[in-house]
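Structural overview for review
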Amino acid sequence: MVVFCLFIISKSGGLIYNREFHAGMSKLTSNDYLMLAGSFHGMHAITKQLCPVPPTPVTPLSVAGAPAPSPFIGRPSGLEVLESSHFRMQCFQTLTGIKFLLFTEPQQPNVDVMIRRIYELYADYVMKNPFYTVEMPIRCEKFDRGLDGFVKVRS
Amino acid sequence: MSAPQGTTSGLRYPSNKKTIYDRNLNRSKNAELSRAAFAYLFVEMISYAQKRVKGIADLEKRLNTQGYPLGLRLLDLLLTRTANPLSSIRPTRILPLLQFIAQTLWRHLFGRPADALERSESDPGQYMLYDNEPLVNQYISTPREMSQLNCAAYVAGIIEGVCDGAGFATEGVTAHSVGGESEGGDKTEREMWPGRTVFLIQFKKEVLEREEIMGRGGG
């Protein structure tokens, strides 16, 4: 089981974090990484538009006072998984619009669980860090350490 | 009937007129607090302290000032709450005071005792209190340009408040990181606890004089 790398893309399409967990990957310049993240962001937005319009739920008028259905339920989420013979890319978008991209081997199981755990680490060590400004590149030592611990235990 | 909205100003009182001062002190004795809620509050406290601050020392001083009143109050609260009436008197010697801080105060705030308590070899008025993993720093990564900063300065302020409240004037209590790549100390211990923090407590000269007199008096 191999996890190749992790990207975090901010809601405006900027790459705020990238990390390689596996040696021997082709080297890219930081500019290339930014372009990759930007193109993915655009592609993700297009795939969102491509989704068929969800059927409008029939609102039972008789039940007055029932809580309004969540506006997120029928919303198309865009590209989620991209699989090739060499890797599998899983995308997880949070409700706040941040995208987590995890590149793994195609056979890797439970990627969605892993990605949620990474989101948890992000919520803990990035969002609860007073020295982090949102939308800026993530430079948090404890987040790096947490990721290392998590990915190494898994592989 | 409650007063119409907008006419009352300042503090809001509960409708049954029971304020926090009317409650039993033991009511929240074993209550626990959400760690995430504290973490977010602490983030805001640090951001607030960071406004118009001149340097790292100034920022630490501000965090210290925020913790100080808490220490003053906690001393009385914890002594009132002790079950044994004999131990509810204020500590009068340095060692019981430090024990109180390392055990009772630490247990109340963090749910566990402090990790070590030492007396400085070079300075008799200086004591070191170690915490391997301060709860306030759990989610905080200090950026490289602020590597000298330790946000446990807030806890140092609490300690200073307790010492002052008990009548042990200090020159100041400061928090320093001694884990990870910082120098000094045992190497394996440093690697095991990257967030290890020492609280330096420097008592004033008159406190030491009094301590010596009380020691001779066979106290």
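Below is a short write-up of the structure. (Residues numbered from 1 in each chain as written. Chains lettered and ligands numbered in written order. Predicted model: local features only at pLDDT ≥ 70, side-chain atom pairs only at ≥ 80, totals over all residues. Heavy atoms only, no water.)

**Considerations on empty space enclosed by the protein**
A complete count under the given rule lists 1 cavity of 30 Å³ or more for this structure. As for the largest cavity, its lining consists of K128 of chain A together with R35, F38, A39, F42, L135, V136, Q138, Y139 and I140 of chain B. When the residues that make up the lining of the largest cavity are grouped by side-chain class, the tally is 7 nonpolar, 1 polar and 2 charged. (1 Å grid on protein atoms, 1.4 Å probe; cavity = no way out; pocket = protein on both sides within 12 Å on 5 of 7 lines; lining within 4 Å. Points joined across faces, edges and corners; volume = space filled by probe spheres on them. Nonpolar A, V, L, I, M, F, W, Y, C, P; charged D, E, K, R; others polar.)

**Here's the deal with the pairing of strand β2 (residues 126–131) of chain B**
All names here are of chain B. With respect to burial, β2 is a largely interior element, 6 of its 6 residues being buried. As defined by bridge partners, strand β1 (residues 116–119) adjoins β2 across 4 bridges and the pair is classed as antiparallel. The residue bridging E118 from the neighbouring strand is M128, located in β2. The turn linking β1 back onto β2 is made up of 6 residues. Summarising the sheet, β2 and strand β4 (residues 197–203) pair through 6 bridges and their orientation is antiparallel. Opposite Y127, over in β4, you have I201 as the bridge partner. (Buried < 20%, exposed > 50% of the residue type's maximum accessible area, 1.4 Å probe, protein only. Helix = DSSP H or I, 4+ residues; strand = E, 2+ residues; numbered from the N terminus. Pairing = 2+ DSSP bridges.)

**With respect to the interface of chain B and chain A**
Contacts between the two partners involve 17 residues from chain B and, on the opposite side, 12 residues from chain A. Regarding the contact of chain B and chain A, the summed buried area is about 1300 Å², with carbon and sulfur atoms giving 62% of it. Here chain B is connected to chain A by 5 residue pairs in polar contact (both at pLDDT 80 or more). Taken together, the residues that form the side of chain B that touches chain A break down as 12 nonpolar, 5 polar and no charged. (Contact = heavy atoms within 4.5 Å. Buried area = accessible area lost by both parts, 1.4 Å probe. Polar contact = N/O pair within 3.5 Å; in protein donor to acceptor, adjacent residues only side chain to side chain.)

**Some words on the sheet that holds β4 of chain B**
Residues and elements named next belong to chain B. If you walk across this open sheet you meet the 4 strands as β1-β2-β4-β3, and the pairing is antiparallel. Unpaired on one side and paired on the other, β1 and β3 (170–177) mark the two borders of the sheet. Taking each pair of neighbouring strands and ignoring which way they run, the sheet shows an average axis angle of 20 degrees. Sitting on the sheet, helix α3 (residues 94–110) is in contact with β1, β2 and β4, with an inclination near 15 degrees to β2. (Axes fitted to C-alpha atoms, helices over the stretch in contact; angles between N-to-C directions.)

**Here's the deal with the pairing of strand β1 (residues 3–9) of chain A**
Consecutive side chains of a regular strand alternate in pointing toward one face of the sheet and then the other. Residues and elements named next belong to chain A. Extensive coverage of β1 is indicated by the burial of 7 of its 7 residues. As paired elements, β1 and strand β5 (residues 99–104) share 6 bridges and run antiparallel to each other. Note on β5: the bridge partner recorded for F7 is L101. Relative to strand β2 (residues 15–20), β1 runs antiparallel, the two sharing 5 bridges. If you follow I8 over to β2, its bridge partner there is Y17. Taking the residues that link successive antiparallel strands as the turn, the β1-β2 hairpin has 5 residues, and the phi of G13 there is positive, at about 95 degrees.

**Re the environment of S120 of chain B**
All names here are of chain B. Relative to the elements of secondary structure, S120 occurs in the loop between β1 and β2. Residue S120 is classed as buried on the basis of its relative accessible area, which comes to 9%. Distance in space between the C-alpha atoms of S120 and L200 is 9.2 Å, their sequence separation being 80 residues. In contact with S120, other than residues within four places in its own chain, are Q126 and M128.

**Describing the packing of aromatic side chains**
Aromatic ring pairs: the centre-centre distance and the angle between the two ring planes describe each pair. For the structure on display, the rule yields 16 aromatic pairs over all chains. Taking 5.2 Å as the distance between ring centres and 70 degrees as the angle between the ring planes, the aromatic pair formed by W106 of chain B and F110 of chain B counts as edge-to-face. Placement of the pair is W106 of chain B and F110 of chain B together in helix α3, with a separation of 4 residues, close to one helical turn. Given a relative accessible area of 0%, W106 of chain B falls into the buried group. A relative accessible area of 15% places F110 of chain B in the buried class. Three or more aromatic residues link up through ring pairs in this structure, and these residues are Y17, F92, F100, Y119, Y122 and F143 of chain A. A cation over a ring is seen here: K128 of chain A above Y139 of chain B, with NZ or CZ 4.5 Å from the ring centre. Positioned above the aromatic ring of F168 of chain B is the side chain of R210 of chain B, whose terminal nitrogen or guanidinium carbon lies 4.8 Å from the ring centre. (Phe/Tyr/Trp six-rings, centres within 6.5 Å; stacked < 30°, edge-to-face > 60°. Lys NZ or Arg CZ within 6 Å of the ring centre and 35° of its normal.)

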